[in-house]
Amino acid sequence: MSWGTELWDQFDNLEKHTQWGIDTLEKCIKFVKERTEIELSYAKQLRNLSKKYQPKKNSKEEEEYKYTSCKAFISTLNEMNDYAGQHEVISENMASQIIVDLARYVQELKQERKSNFHDGRKAQQHIETCWKQLESSKRRFERDCKEADRAQQYFEKMDADINVTKADVEKARQQAQIRHQMAEDSKADYSSILQKFNHEQHEYYHTHIPNIFQKIQEMEERRIVRIGESMKTYAEVDRQVIPIIGKCLDGIVKAAESIDQKNDSQLVIEAYKSGFEPPGDIEFEDYTQPMKRTVSDNSLSNSRGEGKPDLKFGGKSKGKLWPFIKKNKLSLKLGATPEDFSNLPPEQRRKKLQQKVDELSKEIQKEMDQRDAITKMKDVYLKNPQMGDPASLDHKLAEVSQNIEKLRLETQKFEAWLAEVEGRLPARSEQARRQSGLYDSQNPPTVNNCAQDRESSPDGSYTEEQSQESEVKVLATDFDDEFDDEEPLPAIGTCKALYTFEGQNEGTISVVEGETLYVIEEDKGDGWTRIRRNEDEEGYVPTSYVEVCLDKNAKGAKTYI
C-alpha cells in the first residue's frame, strides 16, 4: 500500500490532506496550551483561596487556631496549597514536554512538506514541457506531410498539363521532393521526441512521483505517530503528580483524624474559665410585716436608714444573680485595657500575666545574648586593637544594660501582679504601684485589686455592685491617701545621673546623663529611688541609673553607691 502507486494522480488532494494534518497538529498544540492556562488559573485560585482563609498574624483569629479542629483546617489549607503546586507542575511539564516540542516539529514538518511538493511540482512542469515538445513536433510533422502532399499533387498536375513548360514541371518536381524531405525529417524528429516523452512519462509515473509521494506518506505517518506520542505524554504528565496529590489528600485525612474533641473542650474551659464560684441560694425576705409594707411621707429618711441592713443582708446574694438577671454593667472594655489586666476574671488574668512574664523573659534573654556578644567583641578589640576601638562599644553596652534593667523591672512588676492573683501576695503594695507608675485617681488600688468585691458577667466583663455608702467610703479613703504626701519630704542626699532616663509612667521623673538632683527617699529594695529637681518636680528613677551620695547627718541615712 503506497501513495505513489495508489494515488499517482491525486497530487492536489494529497496537498490538501497534508495541510489538514498540519492544521490538526496545531489544533492539538492550542488545546494543550489552553489546558496549561486552565491549570495555572486553577492553581492560582487554589492558592488565593488557601491564603484567604489563613489566620492573620497577631490577631484574635490566630489565637482561635489553638483548637485541634482549627489546626486541622490550617493543615488542610496548607495541603491545598501543595495541591495547587502540583497543578502548576502539570502546566509546566505540558508546556515543556508537549507544546515546545510540537511547535518545533510543526515548523520542521512545514519545511519538509514544502520541499516534497516543490519536487512534485518540478516533476510536473518537466513532463508538461516534454508533452508540449511532443505536441509541437507532432503538429510540425503533420504540417510537413500535408505540404508534401500538396506539392506532389501540384507536380503531378503540372506534369500532365501539355501547356506547361518543361522548366515549370522541373521546378514543381523539385519542390515536391523538398517537401517530402521535410516531411521525412519531421517524422524522424517526431519519432525521437515521442520516444523521449514516453521514457520521461514512464519515469514520472513509475519513479519520480512514487518516490515523492512515498516521502509525503512517511511524513504524514510520522505526524500521526507524533500526535499519539503527545497524547501519551499528556496522560503521563497527569499520572506523575497523582502520587503527590494522593499524599496531599492523605495529609488532609490525617489532619481530620487528629481532631480531638475532648482536648478542644478543655481548651474552651481554659479560655473562658473565670475562677468565680457559682452563686449561692437566695435568702427569703419577709415582707408580711406591716411596718415594712407601709411607708409614710415622713419616713423617707428612716426607710433609707433601714435600707442599709437590708442591703447588707441581701447584698451578697443580689450580687451573685448575674447569670439569671440582667443588670447595668460598668464594663472596663469601653476604655483602654489596664496594664495589669484587672478587667479580666482571675483565671484569665492569671493566664495573661503569665504570658506577659514569659514574653518579657524571652526579651531579657535576647538582650543578655546581645550583651554577651558585645562583651566578647570588646574583649577581641582589647586583645587586637587593630580590629577596632573597644571604647566604641561602651555606649552600645550601656544601652543594652539599660534595656535589660528596664525589662527586669517590668518582669518584677508583672510577677508581683501574678503572685497577687495566685494568692502568694496580699493586695498591691506601695512598692508595686511605684514600679508600675500608676498614681492615677481613675484607677484607685481599692477598685483594681479587690477582686472579691467584683462580679463577672457572662460576657467576661466586670460589674460593680456597691452601695452608695461603700462607694463614698472608698473615694474618701483614696482622697485622704492622696493628701498624705502633700507635705514635701526633706532631702537626705544628692545623686548624679549616670544615664538618661525618660520617665514615661506616672510617678517617675525624667533625668539627663550628668544631671545632679536631690535624694528625698532612698531605695527600699524595690530598685527605685525617689529624687527631686525642684519644689515642683520630683519622682522615682531606677537606682541603677544614678550614683547616690547620702548626707551622713540626715536622720537614718546610709552612705552607699
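For the structure given in this document, a descriptive report is provided here. (Residues numbered from 1 in each chain as written. Predicted model: local features only at pLDDT ≥ 70, side-chain atom pairs only at ≥ 80, totals over all residues. Heavy atoms only, no water.)

**Observations concerning the pairing of strand 4 (residues 516-521)**
- Pairing between strand 3 (residues 493-497) and strand 4: four bridges, direction antiparallel. Bridge assignment links Lys496 to a residue of strand 4, and that residue is Thr516.
- Of the strand pairs in this sheet, strand 4 and strand 5 (residues 528-532) are connected by three bridges, and their pairing is antiparallel. Looking across to strand 5, one finds that Val519 is bridged to Ile531.
- Joining the antiparallel neighbours strand 4 and strand 5 is a turn of six residues, in which Gly525 adopts a positive phi near 100 degrees. (Pairing = 2+ DSSP bridges. Helix = DSSP H or I, 4+ residues; strand = E, 2+ residues; numbered from the N terminus.)

**Focus: the packing of helix 2 (residues 11-52) against helix 4 (residues 68-160)**
- As a packed pair, helix 2 and helix 4 sit with axes 8 Å apart at the nearest point and diverge in direction by 165 degrees. The orientation of helix 2 with respect to helix 4, classified from their angle, is roughly antiparallel. Considering only the axes of helix 2 and helix 4, their crossing is left-handed.
- Here the residues of the contact of helix 2 with helix 4 sort into 25 nonpolar, 11 polar and 10 charged. (Axes fitted to C-alpha atoms, helices over the stretch in contact; angles between N-to-C directions. Parallel < 35°, antiparallel > 145°, perpendicular 65-115°, else oblique. Left-handed = near helix turned anticlockwise from the far one by under 90°. Nonpolar A, V, L, I, M, F, W, Y, C, P; charged D, E, K, R; others polar.)

**A few points about the pairing of strand 7 (residues 546-550)**
- A one-sided burial pattern is seen for strand 7, the buried positions being Val546, Val548 and Leu550 and the unburied ones Glu547 and Cys549.
- Where strand 3 lies against strand 7, five bridges are found, and the strand directions are antiparallel. Paired with Thr494 across the bridge in strand 7 is Cys549. (Buried < 20%, exposed > 50% of the residue type's maximum accessible area, 1.4 Å probe, protein only.)

**Re the pattern of salt bridges**
- All chains considered together, the criterion is met by 21 salt bridges.
- The closest approach of N and O atoms between Glu538 and Arg530, which form a salt bridge, is 2.8 Å.
- Connected via shared salt-bridge partners are Glu521, Arg530, Arg532 and Glu538. (Salt bridge = Lys/Arg side-chain N within 4 Å of Asp/Glu carboxyl O.)

**Here's the deal with the nonpolar core**
- If you look at the biggest cluster of nonpolar residues, it comprises 38 residues, and the most contacted ones within it are Leu25, Met94, Leu109, Phe213 and Ile216.
- Among the secondary structure elements, those contributing two or more residues to this core are helix 2, helix 4 and helix 5 (166-257).
- Look past the residues within four positions of Phe213 in its chain and what remains in contact with it is Trp3, Gly4, Leu7, Trp8, Phe11 and Leu14.
- The next biggest cluster of nonpolar side chains, apart from the first, holds 17 residues, and it includes Ile492, Ala497, Val541 and Leu550. (Core = buried A, V, L, I, M, F, W, Y, C linked by side-chain atoms within 4.5 Å. Contact = heavy atoms within 4.5 Å.)

**Points about a nonpolar patch on the surface**
- A cluster of nonpolar side chains, namely Leu49, Tyr53 and Phe73, defines an oily patch on the protein surface of about 280 Å² accessible area.
- Looking at where Phe73 falls in the secondary structure, it is placed in helix 4. (Patch = residues over 30% accessible without salt bridge, like charges linked within 9 Å, V, L, I, M, F, W, Y side chains within 5 Å. Areas by Shrake-Rupley, 256 points an atom, 1.4 Å probe, with all protein chains shown as cover.)

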